[in-house]
Amino acid sequence: MMTAYVILRDHPLAAISSGPAVTVTATAVGTYQKDLASGDSVVAVQAGEQMSERHALGALLIPSGDNIATLTCSMPPTGASSPSARPSSPAFSGSMAGKPLNAPVVGMAP
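Values in this document were obtained by computation on a predicted structure and should not be read as measured data.

Asks: How should I be thinking about the pattern of salt bridges in this particular structure?
Replies: Pairing between side chains becomes possible if they bear opposite charge and their charged atoms approach one another. Across all of its chains, the model carries 2 salt bridges by this definition. D10 serves as the salt-bridge partner of R9, at 3.1 Å between the closest nitrogen and oxygen. A relative accessible area of 24% places R9 in the partly exposed class. The salt bridge partner of D35 is K34, with a shortest N-O separation of 3.6 Å. What makes K34 exposed here is its relative accessible area of 53%.

Right under this line is the structure:
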């Protein structure tokens, strides 16, 4: 969900908009194939495919969206933040500073 948050922060999405598109690269296809062979949960992609921000966000919500998180990292920010601001993302600042991203969520049953 942190990936979805950062995407929406960098690319604010209007209710009726599909948002900017990201082009699936040969590198992204290679990552998909490698992850698929490793048994990871992935969404099929093809080189040259255009994926809208809304489609990518939907793909992150399904169990097979691991590779879409990696793909969307190539989208340059269009919102208030800039690429140089990414290292200080919400995952590493504020109340989350110093906490691992895989830390247990309080109040959630496994």
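Back to the write-up after that little detour.
Asks: It is not clear to me how the environment of E53 should be interpreted in this structure. Could you clarify?
Replies: Its location among the elements puts E53 in helix α3 (residues 53-61). E53 sits in the buried class, given a relative accessible area of 1%. For the pair E53 and P20, spaced 33 residues apart in the sequence, the C-alpha separation amounts to 5.7 Å. Sequence-distant contacts of E53, defined by excluding residues within four places in its chain, comprise I7, L8, H11, L13, S18, G19, P20 and M75.

Asks: It is not clear to me how helix α1 (residues 2-10) should be interpreted in this structure. Could you clarify?
Replies: In an α-helix, one turn spans 3.6 residues; hence positions three or four apart end up facing the same way. Regarding α1, the residues found buried are A4, V6, I7 and D10. One side of α1 carries all its buried residues, which in axial view fall inside an arc of 165°.

Asks: Looking at this structure, how should I read the side chain of S52?
Replies: Mapped onto the secondary structure, S52 falls in strand β2 (residues 50-52). At 3.0 Å, the side chain of S52 forms a polar contact with the backbone nitrogen of H55. For S52, the contacting residues outside a window of four places in its chain are S18, P20 and A21.

Cut-off values and rules
Sequence order as written defines the numbering, with residues in each chain counted from 1. Local features in a predicted model are, by the rule used here, given only for residues with pLDDT of at least 70; side-chain atom pairs are given and counted only at 80 or more, and totals for whole chains, interfaces and linings are based on all residues. For side-chain calculations, the full set of non-hydrogen atoms in the structure is used, while hydrogens and water are omitted. Salt bridges, as used here, are contacts in which a Lys or Arg side-chain nitrogen is within 4 Å of a carboxyl oxygen on Asp or Glu. Per-residue accessibility, obtained with a 1.4 Å probe over protein chains only, is compared with the maximum for each type, and a residue is labelled buried under 20%, exposed over 50%, and partly exposed between these values. Only DSSP runs of H or I with at least four residues qualify as helices, and only runs of E with at least two residues qualify as strands; both kinds are numbered from the N terminus onward. In this description, contact between two residues means that some pair of their heavy atoms is separated by no more than 4.5 Å. As used here, the arc belongs to the directions running from the helix axis to the C-beta atoms. Side-chain atoms alone can form a polar contact between residues adjacent in sequence; in general such a contact is a pair of N or O atoms within 3.5 Å, and within protein one must be able to donate a hydrogen while the other accepts it.

These results come straight from atomic positions and should not be treated as a statement about function.
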